[in-house]
Structure formats: structure tokens, C-alpha cells
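Here is how the chains run, residue by residue.
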Amino acid sequence: MPKLAHYAKDAPTDEILATVRSDGACILDDVLEPGFVAELRGETDIHMEATENGRDTFTGKLTTRTGGLVVRSEKCRELIQHPRILECCDGFLLEFCERYQLHLGQIIRIRPGETEQMIHRDRWAWGTHLAHVEPQLNTIWALTDFTAENGATRVAPGSPPWDDSRKPEPGEITQAEMKAGSVLLYTGSVFHGGGANASEADRIGLNITYTLGWLRQEENQYLSAPPELAKEFDSELQRLIGYSMGQYALGYYTPPGAPGQTAGITDPQFAVNPEMTQAGDPGEIELLANLSQDVGAKFDG
């Protein structure tokens, strides 16, 4: 049976990404202190307990999935911006985009008696149209220990290049067993699925995933964190959840108003930072201007 590689939390990013590219997944051990996990649980358990079970076998009839975490939890906001994970996103996703964004944040609780989830690829959120590119990089943070008995995520290492119709054999699948505070890092192309929980306790993980800035997010952050709430976040988090231009001319909006009152083309940052000019912040403008020049040069050439 294959095994997932385990790394220390301070292992070189290049080594981690080499394994992610070849195997599709790896584990970083003991990244979070127990106190941090306890504080995060203190902020989110009340929402988790109020979440209904899934309604089909894929979402899990004994599984709860709690979203809206950007607004609901300060500790989740910290994890979304975890420097170690964003370093990996830089190295993995920026090959295919000018900016990446938060795809979703979700606490997944697998309850006792839950059966195995269907093995799948997360990139199927966009159908099977993205086989030519890696559209996302994902994390599952263990908020309880993940064991074979309680439903540790099942993964098929080495499966990213497989055809979408390929079904992993049992001997090609392992489980992401790890201690609370550790994190499974995996791609949108690796075959995986939730495990069956044969224990007497919940298995709880925090799924935070990131995707290319030119793709639609799975969790609609503009509704989960509308401008009147997102304006309280720091500017980097605002950009990460989608209040930014994905790349040149991608994501602008026209603010409502009387004729001539507002600019026709406005950077999304204005929606959460109205003190800035509607033209956009200088860094955003420079990024888009450089991209425009690069694209123009390619077409001219």
C-alpha cells in the first residue's frame, strides 16, 4: 500500500512542492499548537453543532459541512493567510495565474457510522474541462486526530496524471493519518475522498482551498462576506477572498449611482475600501498595467 510523505512544518518549500507535484499530496506535521486548535474550535463549534447533515452520499448523510468561516472565525482568518501555506500557493498556483484566491473554507465533521465518500477529484467542481492545468491547491487541517478508524481522508498518491475515468484500486489508496494540528496539503487533481468513521467520536477537519484568480470560487465569498462585513478585514485578506482584480480587466464592477456620480470601471477593492480612489490602488494598477503590456507584446509578436 502506498504512503503519504510527512514533513516537518519548517521543511523547505521546494521539497514539499516537489512531492505535491509528484504524489498529489503530503502532510505537514504539528503545524498548529494545541491552544490555537482549541481557540479555533471555541469560535466555530457553535456553528458546526447547528449545521445539518448532508443530504446525499457524496456530501455525507452523517457529515456536516460548515462554511462562512471568513466572517465567523478570527482563527480561521489567520489560517487562510498562514504564511507556510501561502508560500506553497505562490510556488504552485502562480505558474497559471497572476493572483490566486480563496476557493472555499469549510469545517467537515465526519460522524460515527458515516460510510466512505466516493473517490473523486476536487477540480471536478468545474467539470472535466481543466485537465490541462492544476486549478487549485487544498488543505485539510486536522482539528482532531485523523486515524484509519475515524475516517482519515483517503488519498491515491501519484494519481494526478491519471485519466478522469480511472478508478483507483484498493491497493492504490492510503489514508492521511495525522495528529490534530497537522495539515494535509493536496492538489485538485489527486483522487481522494473522506473515510468511513468506525469510531465512537467525530473526525473534524478544516478544509481551506485556494484556486486560480480567473476561476469562479466554489464558495461565493461576496455573499458569505459581503462588503459591509469584509471592510473590517485587512487588505490582504480582502484581496485573497476575491475583492481584487483576478488579472487585467477581470473582476471590475460599476458602482451604483446617479449619472456621472461613480466611475464606470472600478477595482473591487473600492467596495471594501471606499477611501481609495475608484481607479484602484497603485499596486493593483501597476500589476494590471504590466500584464496588459505583456499580453500586448505577445499578440504584437
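Residues numbered from 1 in each chain as written. Predicted model: local features only at pLDDT ≥ 70, side-chain atom pairs only at ≥ 80, totals over all residues. Heavy atoms only, no water.

J.: How should the overall build of the chain be read in this particular structure?
T.: Per the secondary structure count, the chain includes 10 helices and 10 strands. Radius of gyration (C-alpha) of the chain: 20 Å, near the 19 Å computed for a compact globule of 301 residues. Along the first, second and third principal axes, the C-alpha atoms of the chain reach 65 × 50 × 35 Å. Relative to its full complement of 301 residues, the chain shows a buried share of 51%. By sequence separation, contacts in the chain at least 24 residues apart represent 76% of the contacts at least 6 residues apart. In the structure as shown, the chain presents an accessible area of about 14100 Å², 53% of it carried by carbon and sulfur atoms. Computed over 25 positive and 45 negative side-chain charges, the separation of the two mean positions in the chain equals 5 Å. (Helix = DSSP H or I, 4+ residues; strand = E, 2+ residues; numbered from the N terminus. Rg over C-alpha atoms; globule rule 2.2 N^0.38 Å. Buried < 20%, exposed > 50% of the residue type's maximum accessible area, 1.4 Å probe, protein only. Contact = heavy atoms within 4.5 Å. Areas by Shrake-Rupley, 256 points an atom, 1.4 Å probe, with all protein chains shown as cover. Lys, Arg positive; Asp, Glu negative; His and termini not counted. Charge placed at Lys NZ, Arg CZ, Asp CG, Glu CD.)

J.: How should the sheet that holds strand 6 (residues 154-155) be read in this particular structure?
T.: In a beta sheet, neighbouring strands are held together by backbone hydrogen bonds and run either parallel or antiparallel to one another. Spatial ordering of the open sheet is given by 7-6-9, a layout of three strands whose pairing is antiparallel. Every other strand in the sheet has two partners, leaving strand 7 (174-175) and strand 9 (192-193) as the edge strands with one partner each. Pairing of strand 6 with strand 7 involves two bridges; the strand directions are antiparallel. Paired with Val155 across the strands is Thr174, a residue of strand 7. (Pairing = 2+ DSSP bridges.)

J.: What should I look at first to understand the packing of aromatic side chains in this one?
T.: Each aromatic ring pair is specified by the distance between its two centres and by the angle formed by the two planes. Counted under the stated rule, the structure contains four aromatic pairs. Geometrically, the ring pair formed by Tyr100 and Tyr210 is edge-to-face, given 6.4 Å between the ring centres and 90° between the ring planes. Highlighted residues: Tyr100 in strand 4 (residues 100-110) and Tyr210 in strand 10 (residues 203-212), separated in sequence by 110 residues. Like Tyr210, Tyr100 is buried. With a centroid separation of 5.8 Å and an interplanar angle of 80°, the aromatic rings of Trp124 and Phe191 are classed as edge-to-face. One end of the pair, Trp124, is in the loop between strand 4 and strand 5 (136-142); the other, Phe191, is in the loop between strand 8 (183-187) and strand 9, and 67 residues separate them in sequence. Phe191 sits in the buried class, given a relative accessible area of 2%. Taken together, the ring pairs connect Trp124, Trp162 and Phe191 into an aromatic cluster. (Phe/Tyr/Trp six-rings, centres within 6.5 Å; stacked < 30°, edge-to-face > 60°.)

J.: I tried to follow the nonpolar core on my own but got confused; where do I start?
T.: Soluble globular proteins tend to pack their nonpolar side chains together in the buried interior. One finds Ile16, Trp141, Leu206, Tyr210 and Ile241 to be the most contacted residues of the largest nonpolar core, which totals 50 residues. It is helix 5 (residues 83-93) that contributes the most residues to this core, six residues altogether. In this structure Ile16 touches Tyr7, Ala11, Cys26, Leu28, Arg84, Cys88 and Leu185, once residues within four positions along its chain are discounted. Core analysis: the second largest hydrophobic core is formed by 13 residues, Leu4, Ile27, Met178 and Leu184 among them. (Core = buried A, V, L, I, M, F, W, Y, C linked by side-chain atoms within 4.5 Å.)

J.: Mind showing me how you'd approach the pattern of salt bridges here?
T.: Two side chains bearing opposite charge may form a pair once their charged atoms approach each other closely. Inspection of the entire model under this criterion finds 13 salt bridges. Lys75 is paired through a salt bridge with Glu39; the nearest N and O atoms lie 3.5 Å apart. Separated by 36 residues along the polypeptide, Lys75 in helix 4 (residues 74-80) and Glu39 in helix 2 (residues 34-49) bring together distant segments of the chain. Relative accessible area serves as the criterion here: at 45%, Glu39 is assigned to the partly exposed category. Between Arg84 and Glu87 there is a salt bridge, with the nearest N and O atoms lying 3.5 Å from each other. Placement of the pair is Arg84 and Glu87 together in helix 5, with a separation of three residues, close to one helical turn. Overall, the relative accessible area of 39% leaves Glu87 in the partly exposed class. Three or more residues are tied together by salt bridges with common partners; here these are Glu39, Lys75 and Glu78. (Salt bridge = Lys/Arg side-chain N within 4 Å of Asp/Glu carboxyl O.)

Honestly, it's all geometry; don't read function into it.
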